[in-house]
Amino acid sequence: MIVQDRKELEVKCSPVSIKEGEEIGVRLLHELRESENGIGLAANQIGINKRVCVINVKEPLVLINPKIVEKSKEKFVFPEGCLSFPDSKVKTIRHESIIVEADNHEGRLSFSANSKDINDAFECVCVQHEIDHLDGITMFDREFKSEPIINGVNAPKKIGRNEKVTITKGTESKVLKYKKAQPMLEDGWTLSI
Ligand SMILES: [Zn+2]
């Protein structure tokens, strides 16, 4: 059963031993595979308030006591979902690249959305999303707020030419610089922000 109560998910998880973490990791990967289309899951989403999460975008990855040790200044907007809130989609703002350390991995793991492969963006966002869960933070806390409404009209958001945006066409999506996305918008692609 996946926890769907937002209050319950707002609790910070505690550190765990590698052995216990590995056991929790196995349960999480099992639960994730059972899910409809989940790509990540944190232990508190199955009622275990310990610092373990799993990501399965390119390959299954278990992170025990993970920490983001470096993050880029550059950020990008991405449409996110969460297994705890199956009916919600939120446009969040995330770091374009991060470096993570975890007790069950030697060295550092790096994730970056700055690539031609959309799966890299999914993985980079997913790792940030799952580590947030362990700190009691949900995607709603990372929501991208567009410009305030002025005189009842949504003021157009100014997007820098080098700012990363997400564009979609049918089931396809890409993350790229706005200047590169602009001509594609005339070709049936739509901006996700
Ligand atoms: Zn989630």
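First, a word on scope: everything that follows refers to the structure included in this document. (Residues numbered from 1 in each chain as written. Predicted model: local features only at pLDDT ≥ 70, side-chain atom pairs only at ≥ 80, totals over all residues. Heavy atoms only, no water.)

## Quick look at the overall build of the protein chain
Right, so step 1: From N to C terminus, the protein chain includes three helices and 13 strands.
Right, so step 2: Expected size for 193 residues packed as a compact globule is a radius of gyration near 16 Å; at 17 Å, the protein chain falls within 12% of this value.
Right, so step 3: Overall size of the protein chain, expressed as C-alpha extent along the three principal axes, is 50 × 35 × 30 Å.
Right, so step 4: Within the span of the protein chain, comprising 193 residues, buried residues form 42% of the whole.
Right, so step 5: A separation of at least 24 residues holds for 61% of the contacts in the protein chain among residues at least 6 apart in sequence.
Right, so step 6: Counting every atom, the protein chain has about 10,900 Å² of accessible surface; 48% of that belongs to carbon and sulfur.
Right, so step 7: For the protein chain, the centre of its 29 positive side-chain charges and the centre of its 31 negative side-chain charges are spaced 7 Å apart. (Helix = DSSP H or I, 4+ residues; strand = E, 2+ residues; numbered from the N terminus. Rg over C-alpha atoms; globule rule 2.2 N^0.38 Å. Buried < 20%, exposed > 50% of the residue type's maximum accessible area, 1.4 Å probe, protein only. Contact = heavy atoms within 4.5 Å. Areas by Shrake-Rupley, 256 points an atom, 1.4 Å probe, with all protein chains shown as cover. Lys, Arg positive; Asp, Glu negative; His and termini not counted. Charge placed at Lys NZ, Arg CZ, Asp CG, Glu CD.)

## Considerations on the environment of Pro86
Right, so step 1: The residue Pro86 is located in the loop between β5 (75-80) and β6 (90-95) in this model.
Right, so step 2: Expressed as a C-alpha distance, the spacing of Pro86 and Gly38, which sit 48 residues apart in the sequence, is 9.8 Å.

## Quick look at the environment of Ile68
Right, so step 1: Mapped onto the secondary structure, Ile68 falls in strand β4 (residues 67-71).
Right, so step 2: With 14 residues separating them in the primary sequence, Ile68 and Cys82 have C-alpha atoms 20 Å apart.
Right, so step 3: Other than its neighbours up to four places away in sequence, Ile68 contacts Ile98, Ile99, Val100, Gln128 and Ile131.

## Things to note about the pattern of salt bridges
In a structure, side chains of opposite charge can pair up when their charged atoms sit close to one another.
Right, so step 1: Taken as a whole, this structure holds 14 salt bridges when the rule is applied.
Right, so step 2: Here Asp135 and Lys12 are joined by a salt bridge, their closest N and O atoms 3.7 Å apart. Note that Asp135 is positioned in the loop between α2 (118-134) and β9 (149-150) and Lys12 in the segment before α1 (18-34), a separation of 123 residues in sequence.
Right, so step 3: Of the residues examined, Lys12 reaches a relative accessible area of 59% and is grouped as exposed.
Right, so step 4: One connected set of salt bridges, linked through shared partners, spans Arg6, Lys7, Glu10 and Asp141. (Salt bridge = Lys/Arg side-chain N within 4 Å of Asp/Glu carboxyl O.)

## Re the environment of Glu59
Right, so step 1: You can see Glu59 is positioned in the loop between β2 (52-56) and β3 (60-64).
Right, so step 2: Judged by its relative accessible area of 51%, Glu59 falls in the exposed class.
Right, so step 3: Sequence separation between Glu59 and Glu123 is 64 residues; the distance between their C-alpha atoms is 9.7 Å.

Everything listed here is a matter of coordinates, which is why it stays silent on function.
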